[in-house]
Amino acid sequence: MIRVAVVDDQALVRMGLRVLLESEPDTELVGEAANGAAGVDLVRASIPDVVLMDIRMPCTDGLTALRRITEDAALATVRVVVLTTFELDEYVFEALAAGASGFVLKDGDPADLLRAIRVVADGGSLLSPTVTRRVIEQFAAAPARRSAPRPGVAELTEREREIVAWVATGRSNDEIAAELVVSPATVRTHVSRAMLKLRARDRAKLVVFAVESGLQAQP
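The shown structure was predicted, so the numbers you read here are calculated from the model rather than taken from an experiment.

Description of a nonpolar patch on the surface
In step 1: A cluster of nonpolar side chains, Leu12, Met15 and Val19, forms an exposed patch at the surface whose accessible area comes to about 320 Å².
In step 2: Assignment of secondary structure puts leucine 12 in helix α1 (residues 11–22).

Observations regarding the pattern of salt bridges
In step 1: Enumeration over the complete set of coordinates arrives at 10 salt bridges.
In step 2: One salt bridge in this structure joins glutamate 24 and arginine 118, with 2.8 Å as the shortest N-O distance. Here arginine 118 lies in helix α5 (residues 110–121) and glutamate 24 lies in the loop between α1 and β2 (27–33), a separation of 94 residues in the sequence.
In step 3: Take glutamate 24: its relative accessible area is 22%, and that puts it in the partly exposed class.
In step 4: Under the relative-accessibility criterion, arginine 118 is labelled partly exposed at 31%.
In step 5: Through salt bridges with shared partners, a single network forms among Asp8, Asp54 and Lys106.

Quick notes on the rules
- Residues numbered from 1 in each chain as written.
- Predicted model: local features only at pLDDT ≥ 70, side-chain atom pairs only at ≥ 80, totals over all residues.
- Heavy atoms only, no water.
- Patch = residues over 30% accessible without salt bridge, like charges linked within 9 Å, V, L, I, M, F, W, Y side chains within 5 Å.
- Areas by Shrake-Rupley, 256 points an atom, 1.4 Å probe, with all protein chains shown as cover.
- Salt bridge = Lys/Arg side-chain N within 4 Å of Asp/Glu carboxyl O.
- Helix = DSSP H or I, 4+ residues; strand = E, 2+ residues; numbered from the N terminus.
- Buried < 20%, exposed > 50% of the residue type's maximum accessible area, 1.4 Å probe, protein only.

Below, the structure written as structure tokens:
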């Protein structure tokens, strides 16, 4: 059973998510909150597997709540999926940098939302190519935002650096394997090792590290 918390200031959105989650045999709604501060309290009290988090909320916004959750060692197992009204939300990179594991459109297909919950609960991340392109475009437009490469980047092998760069394009392990003409198992191994060296909690964080460090895939 995947335990899910919902944090959104719109009552209709919360109601729709509640109905959706309660209709599935493998998801359980553990609670709802209407703002970021209440959401953090809810997460600390219930320790859900996944949090569906809106960004724009009164009092305490979703970005602040997201940072409080990901910076709390007691909540290390909690994964956050950001709810947004459109994929090119200006807060995409900030949310990724703060530790979001993926993004879901509020007006998207319910099946996509359920897939996101299951993927993230299983340790994956949900980043479409559109989202990753937006992140890269933001850095190209404002190169001053790029920080120094993470210390762990120097520990990556040449192959690991290459694969992390491909992860930052939004491609899956199978797609990367096809590009590099290797097996998906090989890609998974390199991704896992890179995550350990970079102390990345999921693939979404690898995207941030790759962009900050200037790693680019070479087709």
